[in-house]
Amino acid sequence: MGKSVKEILIDGNGYACIQCGRCTGSCPSGRECSLRTRKLIHMARMGMDVIKTEELWDCTTCFTCQERCPKEVKTTDMIIELRNLAVEEGYFPTMSDVPKIIIKSLYDTGAGQPLSPEVSKIRAIIGLKKEAYDVSTNAETLKKFQRLLDGLEITKKGGLR
Amino acid sequence: MKRIGVFICHCGVNISNTVDVKKVVEEISKIPSVVACADYQYMCSDPGQDMIKKAIKENQLDSVVVAACSPRMHEPTFRATVSDAGMNPYCFEMSNIREQCSWVHLDGEKATKKAIDLVKSSVARASLLEPLVSQGVPVVPKALVIGGGIAGIQTSLDIANSGYKVYLVEKEPSIGGHMARFDKTFPTLDCAACILTPKMVDVARHPNIELLTYSEVESIDGSVGNFHVRVKKNPRYVDMEKCTGCGSCAEACRLAGRIASEFDMGLGKRGAIYVPFPQAVPLRYTIDPEKCLFLKHGKCGTSPKCADVCTTDAIKFDDKPEFVEFDVGAIVVATGFKEFSAELKPEYCYDKYPNVMTGLELERIFAPSGPTGGKPKINGKEPKRIVFISCVGSRDKKVGNAYCSRVCCMYIAKQAHLLKEKIPDADITVMYTDMRAFGKGYEEFYERVQKEGIKYRRGNAAEVYGQDGKLFVRAEDTLLGEPYELEADLVVLGTGLTPNPLAEGIGKLLHLSLSSDGFFLEAHPKLRPVDTVIDGVFLAGVAQGPKDIPDTVAQASGAASHVVNLLSKDEIFAEPTIAVVDEDACVGCKTCMLLCPFEAHEFDEEKGVMKVNAALCKGCGSCAAACPSGSIRMNHFTNDQIIAQLLEVL
Ligand SMILES: Cc1cc2nc3c(=O)[nH]c(=O)nc-3n(C[C@H](O)[C@H](O)[C@H](O)COP(=O)(O)OP(=O)(O)OC[C@H]3O[C@@H](n4cnc5c(N)ncnc54)[C@H](O)[C@@H]3O)c2cc1C
Ligand code: SF4
Ligand code: SF4
């Protein structure tokens, strides 16, 4: 079992938050979507269903907010931990399927973000092999990797098993 | 065998709710040396004290133990009580069965057992207590005030008006401190100079005040009642007696208008010979030795212009530092603050853009004597879109300042008002974390500026950035839950107040402690806010922690009253609970001398042993614990007394 929301808040110094909003104001992601970092902290503290919110998954974990927070609240660390808790409790974002897509891709190809043809081209230009040097290029290793994943809860919760 | 009386207090129900007081009395009465033992609802009340006095007389007691609250609360009360009944106050012992027992335990039975042990250990100690006598020392009826801001000015005037001599030492060429830089003061919008300069002039004219400007305290020896002070007067290269303050020299100086003025926060310019501001006290010119061509290179054109034009022959290039020494009975530290260094918050780009400025810089823009003559011009233009950012360097653990600076919310309101008054069509937004308008008339002022059209948007600024020659501020409006950005012609950083690095040396000289915020620590946060733990040393103004001018003045007067209280005594009595050296056992290794935080140990060259200065020793015991030959004895905390006490609880 992972941490509870309260434990995440305590470890992440969340009770020090003064709701100044410097995190949201700094957030490059929030400028484009409905992510309000400050609000996530508020919801968590008020005992609201923060792990069910879709915005939790809009963070790119760039750490700008955590770097700027004047109260040393570990905003990004907390978002990551809240996501872990969300998955544990079975809450995958419905609006955005990105996490599921990533898990599926990881399972199928061995890479969360498989190389696109564009990237392969660039690799060739700078003198790298077209494919990556990882499980994705070796069918046998990929099988072993999939067997490993089969043993994990996450593949079940991600709807693969 | 000593005859001991023990008195157990119920403290209303604070103790008796948990501790079975009757049971304690029963057990303690069994100790052979305890010849009187009783309990009472409130031992500290008059009937409670009378009970102790009566018992002392009737039973010819040698020592008294009261088991009640912390000795920090009532030890002085009961010492006085036993004194009244003819007993030496140091034969009194207090056992704390409230804070250290009833308040912290839930199990009544165990708490009662602990209370019995605690009282037994006090009885064991009480049977070894010895009478001690305080030594009286005469008091020098003069005071030293360090720092000539509004705090130091007020303290000095109050002490001087009570008839005592004051030495006021200020590091800068003029007194006035930060307040002298302001145009108006919140919330009344009093003209700062109109209320400050009369006080500055009073200081200069007061027969009881000796003003030492452009000076530094070099050393302080001695202790309460008898400090010996040495002050260095830095050379001004201008004869203070001859200079009339006419200012011809400053106009003539080859470097006139070419050196950044510290007083104007670098926004205005001065020459190598200058006064910081026109109402300076004393109005005497000073040559900056770092800049003056003649002092640096021995040559200034064909001849130094300042000397050429001075009609009173006041320029004195061969001036030397002077040292003055004097004795005082009390000291007030009023060394103020330093504005937070805005470059420590790189996301606000203070270093990068000239139209990002600090609160103190903007104060100079408003001042009629300031760099723009009081006109609100930034880079020659009137700003129309203005953003204030609050809490810059305050409530910010990233830069190590956890505290609120207490004045920025209000000075931002003041500055926003002044800008609006001067530029009626300006669009002014204040980005704030929380609004703190706690003082008299402050909330009303906050309301007033909003009526004037200042926009308050909750949520503090995340960053300032420039693009295509324009300046933008990004923030979240936390009430709307929406991030937004504003273009600005001027961004004002509401910089906080930080401990003054210029005061560090003073703190070391006086052995003052700092609180976690870095300001000087008062003796008690509630009940002794102007005292320090060093007897005879007091605090006034922001040196003790951020505060506005009304609070600074109140504290300054408070410090003055404590000084006057002390100076009005012919003699003061130091606590006799100090270290005493056994001269026969001491080998003069000086271990104690290195350890003592109060520098109370001196080496007696003649006898080859250590001596303790009774007036300096605070009885902390560091030396006694460390002495390799065990030749230091702590009065009232002797090894025998402590061991007897420990054996009862082990
Ligand atoms: C931008 C700004 C605007 C403000 N506006 C207002 C306002 O409108 N109304 C209001 O009530 N408050 C205002 N304040 C707060 C106000 O500045 C302080 O309350 C006040 O200045 C405190 O006075 P002080 O004497 O304690 O400290 P200071 O003014 O800092 O004076 C300390 C003095 O001690 C001297 N000194 C320091 N170290 C030494 C040393 N080692 N030896 C000798 N001398 C030394 C310094 O040179 C200085 O002259 C404002 C503060 C700021 C930053
Ligand atoms: S920046 Fe920090 S203190 Fe401010 S709202 Fe965000 S988490 Fe809270
Ligand atoms: S770490 Fe996430 S929440 Fe924080 S600023 Fe980056 S994207 Fe926004």
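Residues numbered from 1 in each chain as written. Chains lettered and ligands numbered in written order. Predicted model: local features only at pLDDT ≥ 70, side-chain atom pairs only at ≥ 80, totals over all residues. Heavy atoms only, no water.

Draft legend 1. Quick peek at the overall build of chain B. In terms of helices and strands, chain B carries 18 helices and 34 strands. Across its three principal directions, the C-alpha atoms of chain B cover 90 × 70 × 45 Å. For chain B, with 650 residues in total, the buried portion stands at 53%. Considering only contacts within chain B whose residues lie at least 6 apart along the sequence, 69% involve residues at least 24 apart. Positive and negative side-chain charges of chain B, numbering 74 and 84 respectively, have mean locations separated by a distance of 4 Å. (Helix = DSSP H or I, 4+ residues; strand = E, 2+ residues; numbered from the N terminus. Buried < 20%, exposed > 50% of the residue type's maximum accessible area, 1.4 Å probe, protein only. Contact = heavy atoms within 4.5 Å. Lys, Arg positive; Asp, Glu negative; His and termini not counted. Charge placed at Lys NZ, Arg CZ, Asp CG, Glu CD.)

Draft legend 2. A look at unusual backbone geometry. With an omega of -10°, the peptide bond between Phe186 of chain B and Pro187 of chain B qualifies as cis. Residue placement: Pro187 of chain B occurs in the loop between strand 8 (184-185) and strand 9 (190-191). Residue Pro282 of chain B is reached from Val281 of chain B by a cis peptide bond, and omega for that bond is 0°. You can see Pro282 of chain B is positioned in the loop between strand 15 (273-274) and strand 16 (286-287). At Phe63 of chain A, a position not held by glycine, the phi torsion is positive, near 70°. Relative to the elements of secondary structure, Phe63 of chain A occurs in the loop between helix 3 (37-45) and helix 4 (64-68).

Draft legend 3. Spatial organisation of the site of ligand 3. In the region of ligand 3, 13 residues are neighbours, and Cys27, Cys59, Cys62, Phe63 and Cys65 of chain A sit closest. Of the residues that constitute the shell around ligand 3, the class distribution is eight nonpolar, five polar and no charged. (Near = heavy atom within 4 Å. Nonpolar A, V, L, I, M, F, W, Y, C, P; charged D, E, K, R; others polar.)

Draft legend 4. Up close: the domain arrangement of chain A. What the domain assignment lists for chain A is domain 1 (1-93) and domain 2 (94-161). Here the C-alpha centroids of domain 1 of chain A and domain 2 of chain A sit 27 Å apart. (Domains from an automatic or database assignment.)

Draft legend 5. Here's a closer look at the side chain of Gln415 of chain B. Residue and element names in this part refer to chain B. Topologically, Gln415 is positioned in helix 12 (residues 408-422). A distance of 3.0 Å separates a polar atom in the side chain of Gln415 from the backbone oxygen of Gly359. For Gln415, the residues in contact, after removing those within four places along its chain, are Gly359, Leu362, Glu363, Phe366, Phe388 and Val492. (Polar contact = N/O pair within 3.5 Å; in protein donor to acceptor, adjacent residues only side chain to side chain.)

Draft legend 6. Broad picture of the sheet that holds strand 7 (residues 165-169) of chain B. Residues and elements named next belong to chain B. With parallel pairing, five strands are arranged side by side in an open sheet as 10-7-6-18-29. Strand pairing shows two members of the sheet lacking a second neighbour, strand 10 (209-212) and strand 29 (537-539), which therefore form its edges. Here the average twist between neighbouring strands, direction ignored, is 20°. Two elements, strand 7 and strand 10, share four bridges in a ladder whose sense is parallel. Of the residues in strand 10, the one forming a bridge with Val169 is Leu212. Lying on the sheet, helix 15 (residues 549-567) is in contact with strand 6 (142-146), strand 18 (330-333) and strand 29; it crosses strand 29 at an angle near 165°. (Pairing = 2+ DSSP bridges. Axes fitted to C-alpha atoms, helices over the stretch in contact; angles between N-to-C directions.)

Draft legend 7. Quick look at the confidence of the model for chain B. When pLDDT is averaged along chain B, the result is 96; 100% of the residues meet or exceed 70. ipTM for the predicted complex: 0.78, alongside a pTM of 0.85. (pLDDT = per-residue confidence, 0-100.)

Draft legend 8. Structural detail: the interface of chain A and chain B. Tallying the contact residues gives 19 residues for chain A and 22 residues for chain B. Counting each side, the surface lost to burial between chain A and chain B is near 1800 Å², with a carbon and sulfur contribution of 43%. The interface formed by chain A and chain B holds four salt bridges in total. Arg31 of chain A is the salt-bridge partner of Glu463 of chain B, the closest N and O atoms lying 3.7 Å from each other. Contributing elements (two or more residues each) for the side of chain A that touches chain B: helix 2 (22-26) and helix 4 of chain A. With four residues, the single largest contributor to the side of chain A that touches chain B is helix 2 of chain A. (Buried area = accessible area lost by both parts, 1.4 Å probe. Salt bridge = Lys/Arg side-chain N within 4 Å of Asp/Glu carboxyl O.)

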